[in-house]
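Fold and geometry: a report
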Amino acid sequence: MSGKKGLDLLRSIATMMTKTNGYDRCLQQLVMVSGGDGRCTAEFKVQEEHLNRAGGLHGGYTATIVDVVTTYALMTKENATPGVSVDIHVSYLKGAREGDEVIIDANTVRAGRNLAFLECELRHKKDNSIIAKASHTKYIGSS
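What counts, and at which threshold
- Residues numbered from 1 in each chain as written.
- Predicted model: local features only at pLDDT ≥ 70, side-chain atom pairs only at ≥ 80, totals over all residues.
- Heavy atoms only, no water.
- Pairing = 2+ DSSP bridges.
- Helix = DSSP H or I, 4+ residues; strand = E, 2+ residues; numbered from the N terminus.
- Axes fitted to C-alpha atoms, helices over the stretch in contact; angles between N-to-C directions.
- Core = buried A, V, L, I, M, F, W, Y, C linked by side-chain atoms within 4.5 Å.
- Buried < 20%, exposed > 50% of the residue type's maximum accessible area, 1.4 Å probe, protein only.
- Contact = heavy atoms within 4.5 Å.
- Phe/Tyr/Trp six-rings, centres within 6.5 Å; stacked < 30°, edge-to-face > 60°.
- Polar contact = N/O pair within 3.5 Å; in protein donor to acceptor, adjacent residues only side chain to side chain.

Looking at the sheet that holds strand S5 (residues 115-124)
- Taken together, six strands build an open sheet; the order of strands is S1-S2-S4-S5-S6-S3 and the sheet is antiparallel. Lying at the two open borders of the sheet, with one neighbouring strand each, are strand S1 (31-36) and strand S3 (84-92). Taking the axes of each pair of neighbouring strands and ignoring which way they run, one obtains an average angle of 15° across the sheet.
- Bridge analysis of strand S4 (residues 101-111) against S5 gives nine bridges, and the strand direction is antiparallel.

The following block contains the structure:
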């Protein structure tokens, strides 16, 4: 699935996921930019609720974004299921502050019968500097 179809799918999934009283509503500011063929690009503006006590983008929020946006990328693959996380690794390279605009690029490296391997980068929109790099492994086999 590529192009407009992929982006339409991602937008409908994101809307469904954030219309909840649960944890996923923290992703309401996430905007889907493009997607399809195992890829997803999204962006958001860092808001006060995304900050840690030191005024920087919270590492837990960053990990949540990695989890969600890589899963969205996976969902654009043919016959994909969202699966469950086996491992998420995030390297934090640079901070982000309130008001900063952040771009998230996620890619499906490989989706096999049982495991999917995904990668993700969060970057500053203004200068393309990397905020975080991540890898995400998901179990996608049948139970």
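Some thoughts on the nonpolar core
- Within the largest apolar cluster, 27 residues are counted, with the highest numbers of intra-cluster contacts made by Leu30, Met32, Phe44, Ile65, Ile104 and Leu122.
- At the level of secondary structure, the elements contributing two or more residues to this core comprise helix H1 (3-18), strand S2 (39-45), helix H2 (59-75), S4, S5 and strand S6 (130-139).
- Ranked by residues supplied to this core, first place goes to H2 with seven residues.
- Residue contacts for Phe44: discarding those within four places in its chain leaves Gln29, Leu30, His50, Leu57, Tyr61, Ile65, Asp100, Glu101, Val102 and Ile104.

Comments concerning the packing of aromatic side chains
- Enumeration according to the criterion identifies one aromatic pair in this entry.
- Plain terms: the ring middles of Phe44 and Tyr61 are 5.7 Å apart, the flat faces sit at 70° to each other, and that makes the pair edge-to-face. Of this pair, Phe44 sits in strand S2 while Tyr61 is found in helix H2, placing the two residues 17 residues apart along the sequence. The same class applies to Phe44 as to Tyr61, namely buried.

Things to note about the side chain of Ser129
- On the secondary structure map, Ser129 appears in the loop between S5 and S6.
- Exposure remark for Ser129: the relative accessible area of 16% places this residue in the buried category.
- Within the structure, the side chain of Ser129 is placed 2.7 Å from the side chain of Asp127, a separation counted as a polar contact.
- With near-sequence residues (within four places) excluded, Ser129 lies in contact with Lys94, Leu122, Arg123 and His124.

Topic: the environment of Tyr139
- Considering the arrangement of structural elements, one finds Tyr139 in strand S6.
- The exposure class assigned to Tyr139 is partly exposed, which follows from its relative accessible area of 31%.
- In the structure, Tyr139 is positioned 52 residues away from Asp87 in sequence and 9.4 Å away in space, judged by C-alpha atoms.
- Those residues in contact with Tyr139, other than ones at most four positions away along the chain, are Gly83, Val84, Val86, Asn114 and Leu115.

Some thoughts on the pairing of S2
- Of the strand pairs in this sheet, S1 and S2 are connected by five bridges, and their pairing is antiparallel. Counterpart to Gly35 in the pairing with S2 is Cys40.
- Counted between consecutive antiparallel strands, the loop separating S1 from S2 contains two residues, among which Asp37 sits at a positive phi close to 55°.
- The pairing of S2 with S4 spans seven bridges and is antiparallel. Among the inter-strand pairings, Cys40 is bridged to a residue of S4, identified as Ala106.

The quantities given are spatial measurements derived from coordinates; they are silent on function.
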